[in-house]
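Observations on chain architecture
The lines below spell out each chain.
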Amino acid sequence: MSCKAMKYLHPGKSLIVILLLCLGAAAQSIKPSRKMAVTFDDLPYAAVGQSHGLSHAQRATNKLLRVLKSWRVPVVAFVNESGLQVTGEVDARIALLREWIDAGAILGNHTYSHPDFNTLTIEQFEDEIIKGEVVTRRLMQSHEPYQLYFRHPMTHTGNTQAKKEAIEIFLAARGYKVTPHTIENSDFIFNALYVDALRNHDEAMARRLRKEYLDLTIAATAFAERFSPQIFGREVTQTLLIHANDINADCLDEILKRFAERGYRFVTLDEAMNDPAYKTRDTYVTTFGPTWLWRWMKSKAMNVSAKGDPDPPPWVMDLFRKRLRN
């Protein structure tokens, strides 16, 4: 109602209308109170192809850390130490890890070489864990005590109950907590195509991929917001899994902006793990790597439909499969 129209109302009614309009505007401005922990995988850099080397890793690292600092986002970042072992670049790649630490990140263990646990024995996977903490633990010494975190490559936590339980016991004995995730956005698929577009100077394709990636990220977030109340009766603190790669370097600022618009504030992984939902024991055995919302649902013997859980658009998947064949 316009101010001009309101002057014809009775003074008392005018006051009521004004109050109702103010209350309506206030209600629209209130955002839900949500929390999210942000985690990165595949440090020092998730490269695509051997030629995508140190200079690209430095660019991505600097841009990611600049954005995280501007949003004051605490992160845990998981390292594959084999990615440090590039002839002539070892010191420079270790320096990238130091940049993450200097920016306030906690470095976690993502195994040495990112193997698929489904294809390894328990003993082989234990060796990967031990070998994957050598440099990282040394770099983090000045920050002790801190919680040690581990994330399974591809979040494959064990394709048999015996393997899953054995590694959980092994990790706990070494002081590690397994790191869940509740939101995953297939960024590795988009990133492979995005790097190709950048190499080919195809800005139109790069722009299209950024848009689709941002849209899928928010769709996956909205799904987690709808799915978690069906398991726990409320929205839980979310944990985002993304990678230290090029598409995130170029999209992270917009991603965080969109999260903030949905009412999220960014918290430490320690705080996220204190959410009671994260105390739910994951007993789900699978060859795949679903989110912990799915694992917790199955562990609680529930059967909640995952309809609406978004996938990358068909045209993106078609290009990605074609790329794999080539």
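These lines cover the structure that appears in this document, whether it is placed above or below. (Residues numbered from 1 in each chain as written. Predicted model: local features only at pLDDT ≥ 70, side-chain atom pairs only at ≥ 80, totals over all residues. Heavy atoms only, no water.)

1. Some words on unusual backbone geometry
Residue Pro44 is bonded to the preceding Leu43 through a cis peptide linkage, with omega at 10°. Of note, Pro44 is situated in the loop between β1 (34–43) and α3 (54–71). With an omega of 0°, the peptide bond between Glu144 and Pro145 qualifies as cis. One can find Pro145 in the loop between α6 (134–139) and β4 (148–150). Of note, the phi angle at Asp42 is positive, near 70°, even though the residue is not glycine. Within the secondary structure layout, Asp42 lies in strand β1. By relative accessible area, Asp42 is classed as buried at 15%. (Helix = DSSP H or I, 4+ residues; strand = E, 2+ residues; numbered from the N terminus. Buried < 20%, exposed > 50% of the residue type's maximum accessible area, 1.4 Å probe, protein only.)

2. What to know about the pattern of salt bridges
Side-chain pairs of opposite charge can arise whenever the charged atoms involved come near each other. Summed over the entire model, instances satisfying the criterion amount to 24 salt bridges. A salt bridge links Glu168 to Lys164; the nearest nitrogen and oxygen atoms lie 3.5 Å apart. One end of the pair is Glu168 and the other is Lys164, both in helix α7 (residues 161–173) and four residues apart, which spans about a single turn. Between Glu271 and Arg265 there is a salt bridge whose closest N-O contact spans 3.5 Å. Salt bridges sharing common partners tie together Lys164, Glu168, Arg281, Asp282 and Arg295. (Salt bridge = Lys/Arg side-chain N within 4 Å of Asp/Glu carboxyl O.)

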